[in-house]
Amino acid sequence: MASSTATEFHRRTGSLVSLSNSNRTANRNHPAQEFNNGIVLSLHPLRDNQLFEVRIDKKVNSWSGSIEIGVTSCDPMNLSFPTSATGFHEGTWVMSGCSIMKDGHTTLDEYGQDLDQLAEGDRVGVMRTSNGVLHMYVNGVDQGAASTNIPSKVWAVVDMYGKCAQVTIVDDTNREVAAISNELVSESMALASNELTNDKLVFHDRHGTLIKLSSNRRVAERRRPLDEFNNGVVMTNRPLRDNELFEIRLERLVDKWSGSIEVGITTHNPNILDFPATMTNMRSGTIMMSGSGILTNGKGTRRQYGDFNLDELQEGDKIGLIRKANGTLHYYINDIDQGVAATKVPQTVWGVVDLYGMAVKVTVLEGLSQSSQDDNLVNRMTSLFRHPRTFDNEIAHGENVISLSSIDRLQFHTRCGIHATVINNQRTAHRPNAFDDFNNAVVVTQRILRPGEMFEVVIDKMVDKWAGSIEIGVTTHSPVELEFPSTMTNVRSGTWMMTGNGVMRNGTTILEEYGQNLDRLKAGDHVGVLRKDDGVLHFFVNGIDQGPAASNVPANIYGVIDLYGQAAQATIVDPTTDFGNFGLSDIDFGSDELRFHPRHGQNAIISADGKTASRPSARGEFNDAIVMSNRPLADHELFEVCIDKMVERWSGSIEAGVTLVSPEDIDFPSTMTDIAFDTWLLSGSSVMQDGSTIRNGYRLDLDSLRVGSRVGMMRCSDETLHYYLDGVDQGVACSDVPPGLYAVIDLYGQCAQVTITSGQQNSISHSNNVILTEPEPTLVSPSCSEMTHRFSRCAGKNIEIRNGGTTACRVRSYDQALVFSCDPIKAEEIFEVRVDSISNKWAGSLQVGLTTLAISDSTSFAILPSQATDLKAKATWVVTGSEVQKNGGVVKENYGPSLDRLSLGSRIGVKRSADGNMHLLVNGEDVGVAANNIPKNVFAIIDLYGRIDGVSITSNISADLIGSSVVTSVAMPLETASQVQLLSDEELRFTSEFHDNCGKNISCKNDNQTAERISSYNQGLVFSAKPLPQNHLFQVKIDRINSKWTSSLVIGVVGFSPEKWTPPSSALNIKKPSWLFHANSVYDCGTKVKGNCGINLDALTVGQMVGVKIDQYSMLHLVVDGEDRGAVFRDLPSICYAIVDLYGQCEQVTLMSLDRDVAADFPIPSTEDREKADKEDGQKEKLNLRQSNPNPTILPNCEILNVCSRFKAMLGLPEAFFTSEVSSCYCENCSKIRGDNLYSRKGEPPKDYALPFGWCKFNLRMPLKTDGQGVHDKWHIGFHGTKPGFIRRLLDSGDLLTSSKSLVGGVTSRPLSGHFDEKNKPEELLDIHPIVLSPTLRYAGCQAFAPAIEFRDQKTRKLYHMRVAIQVYIKPGSYKIGPQSTGTNDQFDPKFSNNEVEWSTKERGATTLCALLIKAE
């Protein structure tokens, strides 16, 4: 299509635009200083089907964002130009990045190629078609329909935003876009597709506007199905071949609309088709089946066709079509040919599906491309399985006889009840939403049962919400013909079922007391049915024949199960499969090498012969990149990947786990945590099962991995799942994991590419002593095998958790006092507490039990009810008084001694026995079974209600669990602490010594307890021999100082093993993960992040001690002469080695043994032989130290900080902008803990500023040059309020002034006449606007500077008003102090007069950003 007069820019433009080249080239002035005001429009409105295209001539790297393009109905002659194209209103459509926006609001989140990624020379275009559809083009490629109903009179609009600095209109009069005929394109596409003989039919990536594709384009779904009923057209990726079956399965329907799915063919090429709202609107080249009729080009040609009405089909039904070689079109409904629908059908046609009305989701099934179905043996066998009643006839006729051994073993048919799903190669039936639905889960075998063949299943999974359980039997109804009922006992013909302990025929009970009650079966039990040769039906439970149930049962019957009530999943058991090992003999682990499966998430690709998985658009997409192994893992087989590539744009990283669901059956979700059944995974350091967290604080934190890290997973024969980091076992992550698992990797967030390792150690024998390098405990009890349980930090709002998680106290009122075990309770494991304090002014008493509510330390207390008996969201069993209640309802009365009689010192415990029963223990005596059918993965729950207001844990983690969890030192009750023995000297030397690998000037002696620098002033690095356990103090004493040198010792930790690593000359030169203390400053990976820390290590003298410790919250502490200086860094990795740099004056240090460490970190020795007064004094002092807050910066679970942290994550700011230093919360509670002053002073000369009370502070990385400028010590502190949308641009630039116009306002200056040189430019041309700051956030954080925006916290569902500000260092003398320019006359801050509350500066480089501040109101 030819060009027109529209191929030049309008003379009216944005304020920073200059036009040249006959108004065909536009450039943005000062592109390195300004990022917006670069809008240009076409001279004339666009004609229909006219492509307006520009080329990017110039880009700069100063900004984020880039070119934006679209159309507007605003006349440029009357337009008041906004600063950016997204600021247009009144009929404007713009593509920004990969999103489509209308009048500034996003209408499509994911559309086309990302414009921000285009380079110089790339082309971008826009076109309005004759039917009012808007299309965007990138380098001549149509990106598809962006919007519809575009007005006829629109101008093209281009925004040279951010990186885009210059564009030129492209005018190629020889190019044609929309005038290419469908016939020519179709012909060329057909020729191309005929060359691809093996490509499978999937959906085309161009489709209706409401369509979402998944599972490698095999699944199509209409979004917003309850709000929209059309715009759901999808087509095949290529034309159909002669005699090729195009078949889909209905996956989901909704009841809101009339009409349903429509299926047909069209000659229109999907590459250039303007997709209509519904396919029956097409007036050429289209044949559709709609309802029970055939429409050709939108008009009815056959009112009644076939035996089915598409509007009456149900979920699970199949619809197919074939264009035969003779040109006739046939439809197939559930494999039944409906006859000729049309003749003389063109040869080149695409399959088309319209997800209209009730139809929401479909899946493409494997098609058949043989020339003749009737003469092909494979197709005949497929027909046999689809219509099993013909099976015996086929064998009897003797044609192409096939032995029974070649036919697949017994499987479930994929057509089943609407609440059931068939997975695991049709061997497993599953009810995914078992907690929401209890019926409509009937599943039938895919073929009739052979004579004497037993149909047996094992119950894999049960829920305890419903009454009733699995039902099993036989039926004469084929799964293809059966109209699946809500429960199989509703079928009134040809059906025999065992339900409970009775037998029913055709819905009528024929035996009331028959055999073992199926409602009492548990997970792992087997149930089967067998028709004997004499026609007598027998049922079996766990292999035991229950006797004759019915007679005269016909021969041609199908096996059937009903996953009713509690039964959630069952798997077919082969007759040769042993109990307890069901299915393992049938799983083909194979000898083939582990690779990635070809099915994967839509944003992932597999390369390198299946060994490498990557997310190509890693900077534009952060999810939809799940990949799986090509086969199940064998026991003790390690599946390991190496991280090849990461990006810093996102939060979160790789997630790894295992699942029972095969890649062929899974509908890949956007993230792995969305898989809600039969999946175990590690996300960060949290272990999750079926999408819910079951454990926090696992030793391996996947979010801390870097490029080159290797992560692996392995299921062991003891049903435990282990993770490996760089080949080192990280211990048990979870237990009770079944066999036959596929490995799953989610290339999420920062992780962009992984490769499966060579596999030289991919199989680790369990018989070999695999060494678990868990941190060794610094304490051993007399049994050397037990550790104390701990309470979760998530507790009722009136609860305080003390003594390292072993004591819970109710501090007010009589309720809101729930506490939970930190981890799920294992089988036969007792969780016991002792009553420490009683308040007799209240009635009622302690309540104890078990709950399936998954609790973690980060769970908000807002979800907890006031009492345990009110916890009904998840299955919960509670003993209150002498009653047992489940979800608030009484299930047992007069259970045992009333808990209302508990007294001071009484002990109360709860356990889940191996048979699934809950037991209560009072003072060590088992009261008996309180409740049964308790599932696995339950947490202990204690309610400190009424009289009982303080308890301490007295129970221990069972010995088999130690080594599978991170070892954490916890404070013990006095009676326990007095019995603890210290480690022997040999054990101390083993656990505390220097690593053999050290700096070249270091000599280690005294069994590696002493390190000496023997020459020079550097090359003096030493490391701990092993990783630091949590809460273990690594401490050295300074033995020798040499005053001829300057500076001194450096101490800290590194996040990698020093083994086979060459230490640099100084610790500050380490660029790998490291966190160091030097002089009075702290360093992160060699970069100074904070100064004036209060203690100067250069001033330490001979005999003084200095150490580091990582607490249970992964925070790093500095300890000097036994005094903990507080937590400085947060979120440290699970494996850290201590490092000491004997630098400068420090020439020799010695490791301190355990008995000289800080008392607060270790239990005191037995005091039985000491005087009472001595014991009280010493023990009181040490116990007080233990009870102090391990993190003096913030509360252990500050709600305000949590909300602000989640808001910061929502902003999408790369973590590279921030330090690892602990965030500071200045809410009322945290400030009281620290005893903060209201004001502080900073700089030379000192200047007062107000601390940011009510705000949370996130420290930013500062440029290295600030160290040399004395910024930390000499500059003043100020605050700058801004909008959340400007934060990213501020952080990108690193300076307030470069972005001042958009961030603080100001009038845009018009160009002045005259000529100026660079030195004599007036400020109007320099376009410098003053930055407004303040010494107090009461002014800088007010509505005028930091406007509040609404934010609904997705975790607590609470609505907050959020403000943001920047804390900056400002150079003394560079700013002016003046009066307020906004607000009332009331004084903002009592410390500062309103005449001095506003600071302003125009000097570049006079401000340095040091922290992001966020406030939640």
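Residues numbered from 1 in each chain as written. Predicted model: local features only at pLDDT ≥ 70, side-chain atom pairs only at ≥ 80, totals over all residues. Heavy atoms only, no water.

Moving on, we get to the overall build of the protein chain. Of the regular secondary structure elements, the protein chain holds 14 helices and 91 strands. Total accessible area on the protein chain is roughly 58200 Å²; 46% of this is exposed by carbon and sulfur atoms. (Helix = DSSP H or I, 4+ residues; strand = E, 2+ residues; numbered from the N terminus. Areas by Shrake-Rupley, 256 points an atom, 1.4 Å probe, with all protein chains shown as cover.)

What follows deals with the sheet that holds strand β36 (residues 537-541). Reading across the sheet, the seven strands line up as β27-β28-β39-β30-β35-β36-β37 and stay open at both edges, with antiparallel pairing between neighbours. Edge positions in the sheet fall to β27 (421-423) and β37 (544-550), since each has one partner strand and no second. Neighbour-to-neighbour, the strand axes of the sheet open up by a mean angle of 25 degrees, direction not taken into account. When strand β30 (residues 454-462) meets strand β35 (residues 526-531), the two strands line up antiparallel, connected through five bridges. For Val458, the partnering residue across the bridge sits in β35 and is His526. (Pairing = 2+ DSSP bridges. Axes fitted to C-alpha atoms, helices over the stretch in contact; angles between N-to-C directions.)

Quick look at the nonpolar core now. Judged by nonpolar contacts, the single largest core of 51 residues is most densely connected at Phe639, Ile654, Ile745 and Val754. Leave out the neighbours within four places in its chain, and Ile654 touches Val641, Ile643, Leu702, Leu705, Val711, Ile745, Asp746, Tyr748, Cys751 and Val754. (Core = buried A, V, L, I, M, F, W, Y, C linked by side-chain atoms within 4.5 Å. Buried < 20%, exposed > 50% of the residue type's maximum accessible area, 1.4 Å probe, protein only. Contact = heavy atoms within 4.5 Å.)

Spatially, six strands are ordered β16-β25-β18-β19-β20-β21 in an open sheet, and the strand pairing comes out antiparallel. In the strand order of this sheet, the two ends are held by β16 (233-235) and β21 (299-302), each with one partner. With strand direction ignored, the average angle separating the axes of adjacent strands in the sheet is 25 degrees. As judged from the five bridges shared by strand β18 (residues 262-266) and strand β25 (residues 350-354), these two strands associate in the antiparallel manner. The residue of β25 that forms the bridge with Glu262 is Asp354.

Counting through the fold element by element, Gln411 comes out in the loop between α3 (391-397) and β27. Non-local contacts of Gln411, meaning those with residues more than four positions away in its chain, are made with Asn425, Gln426, Arg427, Thr445, Gln446 and Ile572.

Turning to the pairing of strand β57 (residues 830-838), a few remarks are in order. Strand residues, when the strand is regular, have side chains that alternate between the two faces of the sheet. Where β57 and strand β62 (residues 907-912) come together, five bridges link them in antiparallel fashion. By the bridge assignment for β62, Phe831 is matched with Val910. Pairing between β57 and strand β66 (residues 948-953): five bridges, direction antiparallel. Pairing of Arg834 across the sheet is with Ser952, part of β66.

The peptide bond linking Glu1244 to Pro1245 adopts the cis configuration, its omega dihedral lying at -5 degrees. Within the secondary structure layout, Pro1245 lies in the loop between β82 (1239-1242) and β83 (1247-1250). The phi torsion at Asn1006 lies on the positive side, around 55 degrees, for a residue other than glycine. Inspection of the secondary structure assignment puts Asn1006 in the loop between β68 (1002-1005) and β69 (1010-1013). With a phi close to 55 degrees, Ser1016 is a non-glycine residue in the positive phi region. Position of Ser1016 relative to the elements: it lies in the loop between β69 and β70 (1021-1023).

So, about the packing of aromatic side chains. Considering all chains together, one arrives at 29 aromatic pairs under this definition. With 5.9 Å between their ring centres and 90 degrees between their planes, Phe438 and Tyr564 make a pair best called edge-to-face. Taken as a pair, Phe438 in the loop between β28 (428-430) and β29 (442-448) and Tyr564 in the loop between β38 (558-562) and β39 (567-572) lie far apart in primary sequence, 126 residues in all. For Phe438, a relative accessible area of 33% translates into the label partly exposed. Ring plane angle 40 degrees and centroid distance 5.3 Å describe the contact between Tyr814 and Trp842, whose orientation is recorded as tilted. Taken together, the positions of Tyr814 in the loop between β55 (807-810) and β56 (818-820) and Trp842 in the loop between β57 and β58 (847-851) put the pair 28 residues apart, joining distant regions of the chain. Given the relative accessible area of 34%, Tyr814 is considered partly exposed. (Phe/Tyr/Trp six-rings, centres within 6.5 Å; stacked < 30°, edge-to-face > 60°.)

Mapped onto the secondary structure, Ser1134 falls in the loop between β78 (1123-1129) and β79 (1137-1141). Residues Ser1134 and Leu700 lie 434 residues apart in sequence; the distance between their C-alpha atoms is 6.0 Å.

Right, let's talk about the pattern of salt bridges for a bit. Side chains that carry opposite charge are capable of pairing whenever their charged atoms lie near each other. Evaluation of the coordinates by the stated rule reveals 35 salt bridges. Residue Arg415 pairs with Asp317 through a salt bridge whose shortest N-O separation is 3.0 Å. You can see Arg415 sitting in the loop between α3 and β27 and its partner Asp317 sitting in the loop between β21 and β22 (318-323), a full 98 residues away along the chain. Both residues of the pair, Arg415 and Asp317, belong to the buried class. A salt bridge links Asp1389 to Arg1338; the shortest N-O distance between them is 4.0 Å. Taken together, the residues span a long stretch of sequence, with Asp1389 in the loop between β89 (1376-1378) and β90 (1398-1401) and Arg1338 in helix α14 (residues 1337-1340) at a distance of 51 residues. The network of salt bridges with common partners includes Lys1005, Glu1012, Arg1013, Arg1040 and Glu1147. (Salt bridge = Lys/Arg side-chain N within 4 Å of Asp/Glu carboxyl O.)

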